[in-house]
Amino acid sequence: MNNQIENITSFLVMDILDKANEMQKEGIDIIHLEVGEPDFDVPECVAESVAKAYAEHRTHYTASIGDIELREEIVKLYQREYNVRIEPDQVIVTSGSSPAILFLMILLCNNGSEVIISNPGYACYKNFILAANGTPVYVPLYADTGFQYKIDDIKKCITDKTAAVIINSPMNPTGCILSEAFMKDLSELNIPIISDEIYHGLEYGEKAHSILEFTDNAFVLNGFSKRYAMTGLRLGYMIAPKQYIPALIKLQQNFMICASSTAQRAGIAALQDKSDYVESMVKTYNERRIYLIDRLRRMGFVIPKNPEGAFYVFADASKFTNNSLEFAFDILEKAHVGVTPGIDFGTKGEGYIRFSYANSIENIKEGLDRLEKYLTDLQ
């Protein structure tokens, strides 16, 4: 067996979810504040487009690179929202954004290659790097800087083995948006940048910038799961410099063939939708965000910086625990509330708990009532 498999860690939030689901099968009512999945149904236009695709028997392979109509709509999106000009043949449509991350790691990493990622940061990045026989190199993020990168810390990590740096804005787990100044500085380092923009469109004030506003030496990861609540349709995409497209298409052809044809029709409908569906969803998220932040602070959690995007609150729970994994399982067992341990996101996440507000305000209130009682009993 590949030795790297032993180094790949489990996705702890899924361990929490699996235990929560077992408890639910036993008849226990669980409030889910752990999972980063929108609780909204897909837009009506998406449901209609999938039904229409099946009715018209549009269920065959598309080109491996993706349906040209969908790729053209993605081009229009980046022109409209970021004033960035890309070509349809720079876009590869994938079955969710996860395969795109894996393909980029296979593309960029040789044995011994290093990829710079944040600590805390999205739990799975390091495992994609390890799967490609690369080595993750961690840049620490600190609460007192609002979990913003320090460009000098990244510079210290760059060696002749550096294959890329991965950034994520709005960020999972912190919800922070990377500053324009940082992204400009990063673009001048002359290393490939992978920008995970999956939470773009879910912002509560300042809009997130795309890395393509600052450099062409970059790869963008994006998709439809978060912004359009299309998690189960598994539709994502990457935008890459043209010179890498032939190699990426080979990876797609061999490992995925193509993304779902019906999901691609749904993606077209989502991008062409003129309704206020997304705006309404963001408004609802914001109401939950404000409520959750206020309640958590009153309970004694410390939130160094209010999240500016995505649908997470990363709360310092060190007043209550120094072991976030045990704490999360204890909350689940005794309060019947699912939360994500901060250690899932790296050593700098220890002592934190991530709360997802991708759940109804009624469930969030009930979950926090249970959590408050649990904390009272803890004292």
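The structure contained in this document is the topic of the report that follows. Source: prediction; values computed, not measured.

1. Looking at helix 10 (residues 261-272)
- Compared with the 16 Å implied by 1.5 Å per residue over twelve residues, the 17 Å span of helix 10 between its first and last C-alpha is a close match.
- Three or more residues of helix 10 are buried, namely Ser-261, Thr-262, Ala-263, Gln-264, Arg-265, Ala-266, Gly-267, Ile-268, Ala-269, Ala-270 and Leu-271.
- Where the residues of helix 10 are buried, they touch helix 3 (44-55), helix 4 (68-82) and strand 2 (91-94).

2. Describing the sheet that holds strand 4 (residues 135-140)
- Spatial strand order, 2-8-7-6-5-3-4: seven strands in an open sheet with mixed pairing. This sheet does not close on itself; its edge strands, each paired only once, are strand 2 and strand 4. Strand-to-strand twist across the sheet, computed as the mean angle between neighbouring axes with direction ignored, equals 25°.
- With four bridges connecting them, strand 2 and strand 8 (residues 236-239) associate as antiparallel partners. If you follow Thr-94 over to strand 8, its bridge partner there is Gly-236.
- Most of the contacts of helix 5 (residues 97-108) go to strand 7 (residues 218-223), to which it runs at about 160°, and overall it touches strand 2, strand 3 (114-119), strand 5 (162-168), strand 6 (193-196), strand 7 and strand 8.
- Against the sheet, helix 9 (residues 245-255) touches strand 2 and strand 8, its axis set at about 15° to strand 2.

3. Here we look at a nonpolar patch on the surface
- Side chains of Ile-106, Phe-255 and Met-256 sit close together on the surface and give an oily, nonpolar patch of about 260 Å² of accessible area.
- Position of Met-256 among the secondary structure elements: in the loop between helix 9 and helix 10.
- Classification of Met-256 by relative accessible area gives partly exposed; the value is 33%.

4. Quick look at the pairing of strand 8
- Here strand 8 shows no split at all, with Gly-236 and Met-238 on one side and Tyr-237 and Ile-239 on the other all buried.
- Pairing geometry for strand 7 and strand 8, over four bridges, is antiparallel. Along strand 8, the bridge assignment pairs Leu-221 with Met-238.

5. Focus on the packing of aromatic side chains
- For the structure on display, the rule yields 23 aromatic pairs.
- Ring plane angle 35° and centroid distance 5.7 Å describe the contact between Phe-224 and Tyr-228, whose orientation is recorded as tilted.
- In this structure Phe-224 comes out as buried when scored by relative accessible area, which is 1%.
- Above the plane of the ring of Tyr-291 lies Lys-365, whose end atom (NZ or CZ) is 5.5 Å from the centre.

6. Description of the pattern of salt bridges
- Counting across every chain of the model gives 17 salt bridges.
- Among the ionic pairs, Arg-265 bridges to Asp-67, the shortest N-O distance being 3.1 Å. One end of the pair, Arg-265, is in helix 10; the other, Asp-67, is in the loop between helix 3 and helix 4, and 198 residues separate them in sequence.
- When the shortest N-O distance is used, the salt bridge between Lys-184 and Glu-180 registers 3.6 Å. Taken together, the residues Lys-184 and Glu-180, both in helix 8 (residues 180-187) and four residues apart, mark about one turn of the helix.
- Its relative accessible area of 34% is what places Glu-180 among the partly exposed residues.
- Connected via shared salt-bridge partners are Asp-29, Glu-366 and Arg-370.

Cut-offs applied
Residues numbered from 1 in each chain as written. Predicted model: local features only at pLDDT ≥ 70, side-chain atom pairs only at ≥ 80, totals over all residues. Heavy atoms only, no water. Helix = DSSP H or I, 4+ residues; strand = E, 2+ residues; numbered from the N terminus. Expected span 1.5 Å × (residues − 1). Buried < 20%, exposed > 50% of the residue type's maximum accessible area, 1.4 Å probe, protein only. Contact = heavy atoms within 4.5 Å. Pairing = 2+ DSSP bridges. Axes fitted to C-alpha atoms, helices over the stretch in contact; angles between N-to-C directions. Patch = residues over 30% accessible without salt bridge, like charges linked within 9 Å, V, L, I, M, F, W, Y side chains within 5 Å. Areas by Shrake-Rupley, 256 points an atom, 1.4 Å probe, with all protein chains shown as cover. Salt bridge = Lys/Arg side-chain N within 4 Å of Asp/Glu carboxyl O. Phe/Tyr/Trp six-rings, centres within 6.5 Å; stacked < 30°, edge-to-face > 60°. Lys NZ or Arg CZ within 6 Å of the ring centre and 35° of its normal.

These figures come from the coordinates and say nothing about function on their own.
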